[in-house]
Amino acid sequence: MKELIANIIFTKRCPFCDQVILPRNDCCKSCFDNLPFIEGTACKKCSMPSDKCRCGSEKREYDGMCAPFYYRDEVTEAIHRYKFRGEKAIGAFFAEYMAERIRTCFPDKTFHMIVPVPLYGKKLRERGYNQSMILARKIGAILKIPVSDVISKDFDTAPQHLTAASKREGNVAGVFSVKKREIVRGKTILLCDDIKTTGFTLSECAKVLKMYGAEKVYCVCAAATAPGIDKDSVLK
């Protein structure tokens, strides 16, 4: 009875199909059964299962990467709504599974802080929120890890999803800096973002953190693009 009353007062909807669900559920059963989970033992560097790992042909500055979902199907649409349509409540769903993936992939790591990938100031004002900060704060609350916005984006750039994959590394080169250099020195940091496609944004952020003394930088994203997907056709 309490659950029924709560569901009437605080209506909770599936983040994928918008169907009303019980407060204890993350999404409806139909959507959950079709979610593109990244399953099995995953590569700690790129988050992909061994049959999709391409780390031998890529060099990134971060030390590890994990994500609970592939960036496709219902997950793509939900992230679009979360990122661009102001549906911030969807972030809570992704954060729960991101936290679980962190536990699974990095059980022996002690993270001193979670750092969200920043937005350029003008874009932050236009959107009204940083989707990566929301994820970072919710993950931090679940895993009891402090969150710090120590990275700033100092230059505006063309959106990565509108930039050809071959030019994305150059698009983000040199645009980030560390604001509070003394607190990253010697630390193991968990870098948080919503999507990983080519990995260049995460790599550039990891690079500047290490320039100012971070010991290790690992990454977590809500979703990652599997090798073989045309990265010019997906959102970053």
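The coordinates are above.
As a starting point, this report considers the structure included with it.

Rules behind the numbers
Residues numbered from 1 in each chain as written. Predicted model: local features only at pLDDT ≥ 70, side-chain atom pairs only at ≥ 80, totals over all residues. Heavy atoms only, no water. Helix = DSSP H or I, 4+ residues; strand = E, 2+ residues; numbered from the N terminus. Expected span 1.5 Å × (residues − 1). Buried < 20%, exposed > 50% of the residue type's maximum accessible area, 1.4 Å probe, protein only. Contact = heavy atoms within 4.5 Å. Axes fitted to C-alpha atoms, helices over the stretch in contact; angles between N-to-C directions. Parallel < 35°, antiparallel > 145°, perpendicular 65-115°, else oblique. Left-handed = near helix turned anticlockwise from the far one by under 90°. Nonpolar A, V, L, I, M, F, W, Y, C, P; charged D, E, K, R; others polar. 1 Å grid on protein atoms, 1.4 Å probe; cavity = no way out; pocket = protein on both sides within 12 Å on 5 of 7 lines; lining within 4 Å. Points joined across faces, edges and corners; volume = space filled by probe spheres on them.

## Focus on helix 3 (residues 73-84)
Because an α-helix packs 3.6 residues into every turn, residues spaced three or four apart end up facing the same way. When the terminal C-alpha atoms of helix 3 are compared, their 17 Å separation across twelve residues agrees well with the 16 Å that a helix rising 1.5 Å per residue should span. Taken together, the buried positions of helix 3 are Val-75, Thr-76, Ala-78, Ile-79, Arg-81, Tyr-82 and Lys-83. Considering only its buried residues, helix 3 is in contact with strand 4 (69-70), helix 4 (90-105), helix 5 (121-127), helix 6 (131-143), strand 8 (188-196) and strand 9 (216-224). Trailing helix 3 by a residue or two, Gly-86 shows a phi angle of about 75 degrees, which is positive.

## Section: the packing of helix 4 against helix 6
Closest axis-to-axis distance for the helix 4/helix 6 pair is 9 Å, and the angle between their directions is 50 degrees. By the angle between their directions, the pair helix 4 and helix 6 is classed as oblique. Seen along the crossing, helix 4 lies across helix 6 with a hand that is right-handed. Of the residues in helix 6, those in contact with Gly-91, Ala-92, Phe-94, Ala-95, Glu-96, Met-98, Ala-99, Ile-102 and Arg-103 of helix 4 are Leu-135, Lys-138, Ile-139, Ile-142 and Leu-143. Here the residues of the contact of helix 4 with helix 6 sort into ten nonpolar, one polar and three charged.

## Quick notes on empty space enclosed by the protein
Inspection of the entire model under this criterion finds two cavities of 30 Å³ or more. Every residue along the wall of the largest cavity is listed here: Lys-45, Cys-46, Cys-55, Glu-58, Lys-59, Arg-60, Tyr-62 and Lys-196. Looking at side-chain class alone, the lining of the largest cavity contains three nonpolar, no polar and five charged residues.

## Notes on helix 8 (residues 200-211)
In a regular helix each residue adds 1.5 Å, so twelve residues correspond to 16 Å; helix 8 covers 16 Å between its end C-alpha atoms and thus fits that length. In terms of burial, helix 8 is largely enclosed, as nine of its twelve residues are buried. Burial in helix 8 covers these residues: Phe-200, Thr-201, Leu-202, Ser-203, Glu-204, Cys-205, Ala-206, Val-208 and Leu-209. Just past helix 8, the residue Gly-213 takes up positive phi, approximately 105 degrees.

## So, the layout of surface pockets
Roughly 250 Å³ of internal volume is contained in the second largest pocket. As for the second largest pocket, its lining consists of 14 residues, of which Lys-12, Arg-13, Ala-89, Ile-90 and Ala-92 are closest to the centre. Those elements giving two or more residues to the lining of the second largest pocket turn out to be strand 1 (12-13) and helix 4. Broken down by element, the lining of the second largest pocket gets its largest block of residues, four residues, from helix 4. Among the residues making up the lining of the second largest pocket, the classes are represented as six nonpolar, no polar and eight charged.

## Quick notes on the environment of Arg-54
On the secondary structure map, Arg-54 appears in the loop between helix 2 (29-33) and strand 3 (64-66). With eleven residues separating them along the chain, Arg-54 and Cys-43 place their C-alpha atoms 9.5 Å apart.

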